[in-house]
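# Structure assessment
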Amino acid sequence: MKTEHNLAAISVRGLRKNYKGVPALDGVTFDVKRGELLAYLGPNGAGKTTTINILSGLLPRDSGDLAVCGVDVAKAPVRVKQLIGVVPEESNLYPELTSRGNLLYVGELYGLPRAKRALIADQILDQFCLSDKSNMPFRTLSRGMKRRLTIAAALVHSPEVLFLDEPTAGLDVQSARQLRAHVRNINQRGTTVLLTTHNLLEASELCTRILILIKGRIVAEGSASEIAERLDKAKRLAVKLSGDVDEAQLREHCPSVMGARLEGDTFILDVIDTHSAIAEVVSFSEKRSLQIVHIRSATPSLEDTFVKILEEHDAGDGGPR
Amino acid sequence: MSQLHRALFISRKDIRSYYGKPPLITWALLFPAVLMLAIYVRNPENYLNSAPGIIAMTLLFGNTSMAAIVLTFEKRTGTLQRLLLAPVSSGTIILGKSLSAMLYGIATSLVLTLGLMLLLGMRLASPAPFILGLLLGGGIFSLLGLTAAALVREVFEAMTLMNFIRFPILFISGVFVPIESLPAWLKPIAFISPMTYVVELLRLGASGNSYFASPLIPALISLAFLAAAWKLTVFAFRRQAGQ
């Protein structure tokens, strides 16, 4: 499919959607570069699936401009559908058709020539380790296999952009890990991937860039570490001391320590300045004849950051951008 | 590859997946066959007068039911979403779905017709209007079934909605009583039913007798009903698909 390569794979500008007067998407704006694997992260009901449904032509928007590989979604929906592959949250292939039959039928719907359909179906079954299940009806496959085959079906027509809606939801650890490897592989072959998830580990493990969507608004954007750094200005130290000390003592004798909590046998300290705090902890432990077992910087995790954003947003300040 | 090709693929897949099931075929054939047998037992002299009406009824029930069941089933399993995500227009999906239902209805009606010809000696005076009646009736009734399915979520809701339409249609369309024998107050109502024209085309084909002297009038009016049913189905389908 010929498209102009200087254009973003996905371009969303001021997207708005209301359900019975309640805003589901409130001016969402973002771009996804060609070849990028972007995580669209948010809690349930944030508007992730609504965004994908609008981008794939399943739902009308109220306002905003949307383009996939430079093609306007509203003006040329059928052409956009040829450019994209969509993996919905629920695996929705035909239960009565075999794995291979499903792929062949999808190939027919996407207008692939007969000879190419069979070739691609076999190649994809092999790529997703499903060749031995090619003649089994979809309904008889395990949940993990169904998920893999649903992703495989979205790739039959070699789309430029793949939308993955919660691809690992409900899968066991091993199946989820296998699936993430497939997603990484698909992206490495040049397909742009927009992955919606509420799984923070998945987002930070797979994606170079993350958008955080809460209540229909994008509240943060960047890599996992950038988001954490930008949003959590307070420095954090993890300190393990030998001997009995409580949080109150630490806070009393270390003015740079704003907050302290015990996690197992290690104190997690929120500090104003890392260097001053370390000096104060060393001085404190010398005075008390305590030994410092270890002291290290504790960068907030994406989960910490995400929770903090949610709390800030629930508090009503709308969250930082 | 054209949208027409894709409509044919949708149709072929539906025929393989849904319409070839033995329970469906036996249901579609046994119901009208038993009804025909009852009419034969009651009135062995003139039972063939009722044959076109029974064949039209087979089309009406077979096509509306199957089109509605298939679409609501695919809504529930989520497989309809797969069609909506593919690069096919609403018209292509409707054409594919209605073609398969239409073929099913026509096939069962033809088997019934053959049975009547072979077992009870029915003759086709003029096959062309008979076939035209089956084609136009099959198209109209399939589209009505799809419209009902587009408006609701569950199979039973579609069936309930269809029954509100089908039974009054049976009553007013000269299925059991020819139009000329209908009471005066019912005749004008009969002319607003698409079934009336389908029955008359089949009657013309089977016996050569009809309320209409020429097959042209019922054929053209049925064609207009088909166009209206197409518009209605596309509207209902796009509305439910959010397009």
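Values in this document were obtained by computation on a predicted structure and should not be read as measured data.

### Examining the overall build of chain B
Scanning chain B for helices and strands turns up 10 helices and zero strands. In sequence order, chain B lays out its α and β elements as α-α-α-α-α-α-α-α-α-α. For 243 residues, the compact-globule formula gives about 18 Å, and the C-alpha radius of gyration of chain B, at 18 Å, lands near that figure. Oriented by its inertia axes, the alpha-carbon framework of chain B measures out at about 55 × 35 × 35 Å.

### So, the interface of chain A and chain B
Across the boundary between the two partners, chain A contributes 27 residues, which contact 24 residues of chain B. Of the roughly 2,300 Å² buried between chain A and chain B, counting both surfaces, carbon and sulfur atoms make up 58%. Across the contact surface, chain A and chain B share two salt bridges. When the shortest N-O distance is used, the salt bridge between R12 of chain B and E108 of chain A registers 2.3 Å. Seen at the junction of chain A and chain B, the total is 10 residue pairs in polar contact (both at pLDDT 80 or more). Considering every element that reaches the side of chain A that touches chain B, the biggest residue donor is helix α3 (residues 99-109) of chain A, with four residues. Here the residues of the side of chain A that touches chain B sort into 16 nonpolar, seven polar and four charged.

### Quick word on the sheet that holds strand β6 (residues 84-87) of chain A
All names here are of chain A. Pairing is mixed across the open sheet formed by six strands, whose spatial order is β6-β7-β8-β3-β9-β10. The sheet terminates laterally at β6 and β10 (217-222), the two strands that pair on one side only. With strand direction ignored, the average angle separating the axes of adjacent strands in the sheet is 15 degrees. Sheet topology note: the strand β3 (residues 37-41)/strand β8 (residues 192-197) ladder contains five bridges and is parallel. The residue of β8 that forms the bridge with L38 is L194. Here helix α1 (residues 48-55) sits on the sheet and contacts β3, β6, β7 (161-165), β8 and β9 (209-214); the angle it forms with β7, its principal contact strand, is near 145 degrees.

### Describing the confidence of the model for chain B
Model confidence for chain B is summarised by a mean pLDDT of 88, while 99% of its residues fall at 70 or above. In the model of chain B, helix α2 (residues 22-42) of chain B stands out as the element of lowest mean pLDDT, 78, in contrast to helix α6 (residues 127-151) of chain B, which has the highest, 94.

### A look at the packing of helix α1 (residues 3-19) of chain B against helix α5 (residues 90-120) of chain B
Residues and elements named next belong to chain B. Close contact between α1 and α5 brings their axes to 8 Å; oriented N to C, the two are set at 45 degrees. Considered as vectors, α1 and α5 are oriented oblique to each other. Crossing handedness for the pair α1 and α5: right-handed. From α1, Q3, L4, R6, A7, L8, I10, S11, D14, I15 and Y19 reach across to α5, where they touch T92, I93, L95, G96, K97, L99, S100, A101, L103 and Y104. Counted by class, the contact of α1 with α5 contains 12 nonpolar, five polar and three charged residues.

### Notes on the nonpolar core
Counting residues in each nonpolar core, the largest one holds 109 residues, and the members touching the most others are I10, F30 and I212 of chain A. Ranked by the residues each element gives to this core, the list is headed by helix α5 (residues 143-154) of chain A, at six residues. In contact with F30 of chain A, not counting residues within four places along its chain, are I10, S11, V12, R13, L38, Y40, T51, L211 and I218 of chain A. Core analysis: the second largest hydrophobic core is formed by 28 residues, A51, I55, L112 and L134 of chain B among them.

### What about helix α10 (residues 274-287) of chain A?
Residue and element names in this part refer to chain A. Helix length check: α10 (14 residues) gives 20 Å between terminal C-alpha atoms against 20 Å at 1.5 Å per residue, within 8%. By the burial criterion, the buried members of α10 are A277, E280, V281, F284 and S285. The buried residues of α10 occupy one face: seen down the axis, they fall within an arc of 130 degrees. Opposite the buried face of α10, by more than 90 degrees, sit the exposed residues H275, E286 and K287. In this structure, the buried residues of α10 make contact with β11 (235-241), α9 (247-253), β12 (257-263), β13 (266-271) and β14 (292-297).

### Observations regarding the domain arrangement of chain A
One can read the domain layout of chain A as domain 1 (10-229) and domain 2 (233-299). Computed from C-alpha atoms alone, the centre-to-centre distance between domain 1 of chain A and domain 2 of chain A is 45 Å.

### Describing empty space enclosed by the protein
Counted under the stated rule, the structure contains two cavities of 30 Å³ or more. In this structure, the largest cavity spans a volume of roughly 70 Å³. What lines the largest cavity is G85, V86, V106, L109, Y110, A153, A154 and H157 of chain A together with R82, L85 and A86 of chain B. Broken down by secondary-structure element, the contributors of at least two residues to the lining of the largest cavity are β6, α3 and α5 of chain A together with α4 (79-85) of chain B. Here the residues of the lining of the largest cavity sort into eight nonpolar, two polar and one charged. Considering only enclosed or pocket space, the second largest cavity measures out at about 40 Å³ in volume. As for the second largest cavity, its lining consists of W27, A28, F31, P32, T58, F61 and G62 of chain B. Sorting the residues of the lining of the second largest cavity by element identifies α2 and α3 (51-77) of chain B as the ones contributing at least two each. The element best represented in the lining of the second largest cavity is α2 of chain B, accounting for four residues. A class-by-class count of the residues in the lining of the second largest cavity yields five nonpolar, two polar and no charged.

### Focus: the side chain of S173 of chain B
Residues and elements named next belong to chain B. Along the chain, the position of S173 falls in the loop between α7 (155-172) and α8 (187-190). Side chain to side chain, S173 and S193 meet in a polar contact 2.6 Å long. For S173, the residues in contact, after removing those within four places along its chain, are S193, M195, T196 and V199.

### Concerning the environment of V12 of chain A
All names here are of chain A. On the secondary structure map, V12 appears in strand β1 (residues 10-19). Note: C-alpha distance between V12 and L130 (118 residues apart in sequence) is 36 Å. Beyond its immediate chain neighbours, meaning those up to four positions away, V12 contacts V28, T29, F30, D31, L55, D65 and L66.

Reading the values: the criteria
- Residues numbered from 1 in each chain as written.
- Chains lettered and ligands numbered in written order.
- Predicted model: local features only at pLDDT ≥ 70, side-chain atom pairs only at ≥ 80, totals over all residues.
- Heavy atoms only, no water.
- Helix = DSSP H or I, 4+ residues; strand = E, 2+ residues; numbered from the N terminus.
- Rg over C-alpha atoms; globule rule 2.2 N^0.38 Å.
- Contact = heavy atoms within 4.5 Å.
- Buried area = accessible area lost by both parts, 1.4 Å probe.
- Salt bridge = Lys/Arg side-chain N within 4 Å of Asp/Glu carboxyl O.
- Polar contact = N/O pair within 3.5 Å; in protein donor to acceptor, adjacent residues only side chain to side chain.
- Nonpolar A, V, L, I, M, F, W, Y, C, P; charged D, E, K, R; others polar.
- Pairing = 2+ DSSP bridges.
- Axes fitted to C-alpha atoms, helices over the stretch in contact; angles between N-to-C directions.
- pLDDT = per-residue confidence, 0-100.
- Parallel < 35°, antiparallel > 145°, perpendicular 65-115°, else oblique.
- Left-handed = near helix turned anticlockwise from the far one by under 90°.
- Core = buried A, V, L, I, M, F, W, Y, C linked by side-chain atoms within 4.5 Å.
- Buried < 20%, exposed > 50% of the residue type's maximum accessible area, 1.4 Å probe, protein only.
- Expected span 1.5 Å × (residues − 1).
- Arc of directions from axis to C-beta.
- Domains from an automatic or database assignment.
- 1 Å grid on protein atoms, 1.4 Å probe; cavity = no way out; pocket = protein on both sides within 12 Å on 5 of 7 lines; lining within 4 Å.
- Points joined across faces, edges and corners; volume = space filled by probe spheres on them.

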